[in-house]
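Residues per chain, in single letters:
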Number of protein chains: 2
Amino acid sequence: MNIYGNSISRLIEELNRLPGVGAKSAARIAFYIMQMDDERVKSLTDAIILAKTTIKHCEICQAITDISPCNICSNSKRDISTIMVVEDSRDMAAYEKTKEYKGLYHVLNGAISPMAGISPENLKIKELLARINGEVNEIILATNPNVEGEATAMYINKLLKDIVNVTRIAYGVPIGGDLEYVDHVTLARALEGRREIL
Amino acid sequence: MNIYGNSISRLIEELNRLPGVGAKSAARIAFYIMQMDDERVKSLTDAIILAKTTIKHCEICQAITDISPCNICSNSKRDISTIMVVEDSRDMAAYEKTKEYKGLYHVLNGAISPMAGISPENLKIKELLARINGEVNEIILATNPNVEGEATAMYINKLLKDIVNVTRIAYGVPIGGDLEYVDHVTLARALEGRREIL
């Protein structure tokens, strides 16, 4: 039975299709939207349409952006000798938040996954190759530490190791966590990667 | 620094203002929306606008609906001798999903909360009073089991107990849970409310 009425159910359904929005959150958000004032509703729908119509890939790093080259690629203060390779734009944003990295990025827009039918040709790998010149000293592979991310890192390493230095971000225990809750594979990797305290 | 570009940041901000959508989910949803095809984006924004423009309160039970009287109030198969009083339309939907309740509802659209400045006059209590006639045998108070919900239930009980039977839904341990994780107040209430096994 349709408890809420058609237009409300339809909105809940639409929201429920978004990633990470379950049936309960969808209903909660729908009721919240219906109680927002008209101006805020317009602001929300406009933002959706604007973002959808203005986004593109940065012609250099392939990140999702609304200006190309993106803010990072066009920033003359960045260190052009280092390129960090990430799977998607959100990973780039995550590293930007650390404020520890001053180099450039390259966004693959995915990872190799035979299961999902994603092969190297579907990723922005040839765009990465095209960026490697005498000024680039190091390629840091920061793909996700999962099966797809590892496969992608291995593939790119094979491709580039003879022409440029290639590194992989460290595996280990996350800061602030409790060893008790860390999985055994990570614990083993953290042991294997141990370093002297300087 | 603006990592993503203006239109993307604006969309993330708008989504972040929705209830239960944190900064990370907002970014995830924003990127998902930007990758949806145009038709689905239009379907989403249309659903928001349509729901916002068609919703109203049911003239009888005060639920949020797009037709008044709502589907439940206008359903001749419902038992009109019982009215369940809930705080909001989602609580009504939750009880409807149990398929155990055949009576009518009354939606207060809130709960008494001096902290939030919500007094009985701000709730649909006089609309509830107006519904009580010779045909109504029981008012079931199904407000939330928290401070505001309890205060509201006590207030309505005082108001109605001399003119109609008033009951409160049972307190106890939730089905499928593990006693170890149930808080001590609930455990005490479950003990207090114990019944013989029939």
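Because the structure is predicted, anything quoted here is derived from the model rather than measured.

1. Side note on the relation of the copies chain A and chain B
Relative to chain B, chain A is turned by 180° and slid 0.0 Å along the rotation axis, the superposed coordinates differing by an RMSD of 0.1 Å. On this basis, the relationship between the two copies can be described by a two-fold rotation axis. Taking C-alpha positions as reference, the residue of chain A nearest the rotation axis is Thr45 of chain A, located at 2.8 Å. When the interface residues of chain A are mapped onto chain B, 100% of them again lie at the interface, so the same face is used by both copies.

2. Digging into the confidence of the model for chain A
Overall, the predicted model of chain A reaches an average pLDDT of 90, with 98% of residues at or above 70. Our summary of model confidence lists the complex with pTM equal to 0.71 and ipTM equal to 0.70.

3. Some remarks on the nonpolar core
In this structure, Leu15 and Ile33 of chain A together with Leu15 and Ile33 of chain B are the most contacted members of the largest nonpolar core, which totals 44 residues. Breaking this core down by element, the ones donating at least two residues are α1 (6–16), α2 (23–35) and α3 (38–54) of chain A together with α1 (6–16), α2 (23–35) and α3 (38–54) of chain B. Apart from residues lying up to four places away in sequence, Leu15 of chain A is in contact with Val21, Ala26, Ile29, Ala30 and Ile33 of chain A together with Leu44 of chain B.

4. Here we look at the interface of chain A and chain B
Accessible area lost upon the coming together of the parts is a frequently used measure of interface size. Contacts between the two partners involve 52 residues from chain A and, on the opposite side, 52 residues from chain B. When chain A packs against chain B, the two sides together hide about 5,100 Å² of surface, and 68% of this comes from carbon and sulfur. Where chain A packs against chain B, one counts 2 salt bridges. Along the contact surface separating chain A from chain B lie 14 residue pairs in polar contact (both at pLDDT 80 or more). Contributions of two or more residues to the side of chain A that touches chain B are made by α1, α2, α3, β2 (64–65) and α4 (89–98) of chain A. Class assignment of the residues belonging to the side of chain A that touches chain B gives a composition of 28 nonpolar, 12 polar and 12 charged.

5. Topic: unusual backbone geometry
For the bond running from Ser68 of chain A to Pro69 of chain A, omega is 0°, close enough to zero to count as cis. Considering the arrangement of structural elements, one finds Pro69 of chain A in the loop between β2 and β3 (79–86). Its identity is not glycine, yet Gln62 of chain B carries a phi of approximately 75°, on the positive side. Residue placement: Gln62 of chain B occurs in the loop between β1 (56–57) and β2 (64–65). Given the relative accessible area of 7%, Gln62 of chain B is considered buried. A positive phi angle is found at Asn109 of chain B, which is not glycine, with a value near 60°. Relative to the elements of secondary structure, Asn109 of chain B occurs in the loop between β4 (103–107) and α5 (125–131).

The rules we used
- Residues numbered from 1 in each chain as written.
- Chains lettered and ligands numbered in written order.
- Predicted model: local features only at pLDDT ≥ 70, side-chain atom pairs only at ≥ 80, totals over all residues.
- Heavy atoms only, no water.
- Least-squares fit on C-alpha atoms with pLDDT ≥ 70 in both.
- Contact = heavy atoms within 4.5 Å.
- pLDDT = per-residue confidence, 0-100.
- Core = buried A, V, L, I, M, F, W, Y, C linked by side-chain atoms within 4.5 Å.
- Buried < 20%, exposed > 50% of the residue type's maximum accessible area, 1.4 Å probe, protein only.
- Helix = DSSP H or I, 4+ residues; strand = E, 2+ residues; numbered from the N terminus.
- Buried area = accessible area lost by both parts, 1.4 Å probe.
- Salt bridge = Lys/Arg side-chain N within 4 Å of Asp/Glu carboxyl O.
- Polar contact = N/O pair within 3.5 Å; in protein donor to acceptor, adjacent residues only side chain to side chain.
- Nonpolar A, V, L, I, M, F, W, Y, C, P; charged D, E, K, R; others polar.

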